[in-house]
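Descriptive analysis of the structure
So you can see what is in the structure, the chains are spelled out below.
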Amino acid sequence: MNDTATQQSQAPVVRLRNVSKVYDGQHALRDVSLDVQRGEFLTILGPSGCGKTTILRLVAGFENATSGSIAIDGRDVTGLPPERRNVNTVFQSYALFPHMNVFDNVAFGLRMKRRPADEIAREVGETLRLVQLEGFEGRMVGKLSGGQQQRVAIARAIINRPLVLLLDEPLSALDYRLRKQMQLDLKHLQRKLGITFVLVTHDQEEAFSMSDRVIVMNNGVIEQVGTPVSVYEEPCNLYVARFVGEINIIDAEVVEPGDGRARVRTGGLDVFMRTGHAFRAGEKAHILLRPEDLRVETLKDLAEDPELEDIFARGRSIVGTVEETIYKGATYDVVVRLDAGGVVTATEFFNEDDETVYFRAGDRVAVSWVEGWEVVLPYEK
Ligand code: ADP
Ligand code: MG
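**What to know about the packing of aromatic side chains**
What describes a pair of aromatic rings is the distance from one ring centre to the other and the angle between the planes of the rings. Inspection of every chain in the model, using the stated rule, returns eight aromatic pairs. Consider the rings of Y239 and F243, whose centres lie 6.0 Å apart with planes at 10°: the pair is stacked. Of the two residues, Y239 and F243 both sit in helix α9 (residues 238-243), four residues apart, roughly one turn of that helix. On the basis of relative accessibility, which here comes to 21%, the residue Y239 falls in the partly exposed class. Here F243 falls in the partly exposed class, since its relative accessible area comes to 23%.

**A short note on the state of the cysteines**
A full pass over the atoms with the stated rule returns zero disulfides. Of the cysteine sulfurs around C50, a residue in no disulfide, the closest is that of C236, at 14 Å. You can call C50 buried: its relative accessible area is 1%. Of the residues examined, C236 reaches a relative accessible area of 38% and is grouped as partly exposed.

**A short note on the sheet that holds strand β16 (residues 317-327)**
Read from one edge to the other, the open sheet built from five strands follows the order β15-β19-β16-β17-β18, with strand pairing classed as antiparallel. Each end of this open sheet is capped by a strand with a single partner; those strands are β15 (295-298) and β18 (343-348). Averaged over all pairs of adjacent strands, the angle between strand axes in this sheet comes to 45°, irrespective of strand direction.

**Considering the site of ligand 1**
Around ligand 1, the surrounding shell consists of Y23, D24, A28, P47, S48, G49, C50, G51, K52, T53 and T54. Note that an oxygen atom of ligand 1 is positioned 3.2 Å from one of the backbone N or O atoms of C50. Side-chain polar atom of T54 to an oxygen atom of ligand 1: 2.5 Å apart, as the coordinates give it. By residue number, the principal contributor to the shell around ligand 1 is helix α2 (residues 52-60), which donates three residues. Looking at side-chain class alone, the shell around ligand 1 contains four nonpolar, five polar and two charged residues.

**Things to note about the domain arrangement of the protein chain**
One can read the domain layout of the protein chain as domain 1 (12-241) and domain 2 (246-378). Between the C-alpha centres of domain 1 and domain 2 the distance comes to 40 Å. In this assembly, eight residues from domain 1 lie in contact with ten residues from domain 2. The contact between domain 1 and domain 2 buries some 790 Å² in all, and 53% of this surface belongs to carbon and sulfur atoms. Of all residues in domain 1, Y232, L238 and A241 give up the largest surface area on contact with domain 2, accounting jointly for 63% of the area buried on that side.

**Topic: unusual backbone geometry**
Of note in the backbone geometry, Q132 takes a positive phi value of approximately 60° without being a glycine. Considering the arrangement of structural elements, one finds Q132 in the loop between α4 (117-130) and α5 (146-158). With a phi close to 55°, N219 is a non-glycine residue in the positive phi region. If you trace the backbone, N219 turns up in the loop between β9 (213-218) and β10 (221-226). The class of N219 is exposed, set by a relative accessible area of 60%.

**What to know about the side chain of D301**
By secondary structure assignment, the location of D301 is in helix α10 (residues 299-304). Put simply, D301 is tucked away with no salt bridge, and the nearest opposite charge, on K300, sits 4.9 Å away. Only 2.5 Å separates the side chain of D301 from the side chain of Y358, close enough to count as a polar contact. What D301 contacts, discounting residues up to four positions off in sequence, is L308 and Y358.

**Observations regarding α2**
Residues three or four positions apart in an α-helix share a direction because the helix packs 3.6 residues into each turn. A large share of α2 lies buried, amounting to seven of its nine residues. For α2, the set of buried residues is K52, T54, I55, L56, L58, V59 and A60. In the segment just after α2, G61 is the residue with positive phi, at about 95°.

**So, the sheet that holds strand β1 (residues 14-23)**
Spatially, the four strands line up as an open sheet ordered β2-β1-β4-β5, and their pairing is antiparallel. Looking along the sheet, the strands with just one partner apiece sit at the ends: β2 (26-36) and β5 (75-76). Where strand β4 (residues 67-72) and β5 come together, two bridges link them in antiparallel fashion. From the neighbouring strand, I72 faces β5, where its bridge partner is R75. Docked against the sheet, α2 engages β1, β2 and β4, running at close to 115° with respect to β1.

Thresholds, definitions, all that
Residues numbered from 1 in each chain as written. Chains lettered and ligands numbered in written order. Predicted model: local features only at pLDDT ≥ 70, side-chain atom pairs only at ≥ 80, totals over all residues. Heavy atoms only, no water. Phe/Tyr/Trp six-rings, centres within 6.5 Å; stacked < 30°, edge-to-face > 60°. Helix = DSSP H or I, 4+ residues; strand = E, 2+ residues; numbered from the N terminus. Buried < 20%, exposed > 50% of the residue type's maximum accessible area, 1.4 Å probe, protein only. Disulfide = S-S within 2.5 Å. Pairing = 2+ DSSP bridges. Axes fitted to C-alpha atoms, helices over the stretch in contact; angles between N-to-C directions. Near = heavy atom within 4 Å. Polar contact = N/O pair within 3.5 Å; in protein donor to acceptor, adjacent residues only side chain to side chain. Nonpolar A, V, L, I, M, F, W, Y, C, P; charged D, E, K, R; others polar. Domains from an automatic or database assignment. Contact = heavy atoms within 4.5 Å. Buried area = accessible area lost by both parts, 1.4 Å probe. Lys, Arg positive; Asp, Glu negative; His and termini not counted. Salt bridge = Lys/Arg side-chain N within 4 Å of Asp/Glu carboxyl O.

What follows is the structure, encoded as structure tokens:
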């Protein structure tokens, strides 16, 4: 392999540098920089209108960036038409040829390349097997279910083995159960093929269950990039914390900054907490806690069992009153109004023996968590 080839294979498969896109004087994307690694499953996650589709359209070559640069496989693709980018797109709307059968839809790309008929037949059969549509060759696509049509669209997009497959909310037209199944199938397909997938979704659970890495977007900018675990457990700001799941936000004050930790005070609590942020003494802050990380005990139980108190709190608990409990099926939520102000929600499991809700509205309780499970962020208005 010569030096150029080596460089190309090590370069990110897609690289965006300071990309902006302006429509009618409005920024759809603002200064977006991003590396997509070879063979990864990357998901762009964000609410409607935040610029997800715009990123895909720029990478695919359906649009040009207003400024910045895009490289695919180490080569600048500015001005290169979509068909010369070695990238394929799967759309939410399938975009199949309704008057053709499954075979002809999937064979389309290879026929355009004038490949021999026996090779096309072999490749189509193999690809339909990958998307679990063996035996559907002769069916008209208009007669297939939504899920089957989307499988045809995926087969058509992967048959040329593109370097990158772009998927724009491909599952959002499907009902819940089918969507869950297709999420798993797509993930397994990506692992099997080793093709880089860039998926767009507004569904946090979908992003987490499929991806190696997630990009959280807001209003044309990237807020955070990381593994699903890091984005969920270590959100960089309140927007990301809220977008990727339920979160409790407790107002607090930093009384003593430190290296990698800070002494934080809130509602009778005054303890050191882990934080990556450099605070000043007296600065306002937020303590972020996921509901499943909170534990609740009644003050009565704690008083009756000193051992419980010791295991439970380890010096970090906040007192309040249960406002209500909310049945969730596998778990229930306990909503606690804190004496010091504010409301937190803790997710609890049912009693093993009788499946009952342990807490009642009006119960005096303490809320606690394992040291280090909190995230302490600078105060945002
Ligand atoms: P998403 O896919 O995250 O829902 P889009 O990338 O489609 O968001 O759109 C981002 C922003 O750019 C939106 O405000 C949208 O209205 C605007 N936009 C997208 N495409 C066009 C276009 N062709 N003309 C004008 N505005 C557009
Ligand atoms: Mg979109």
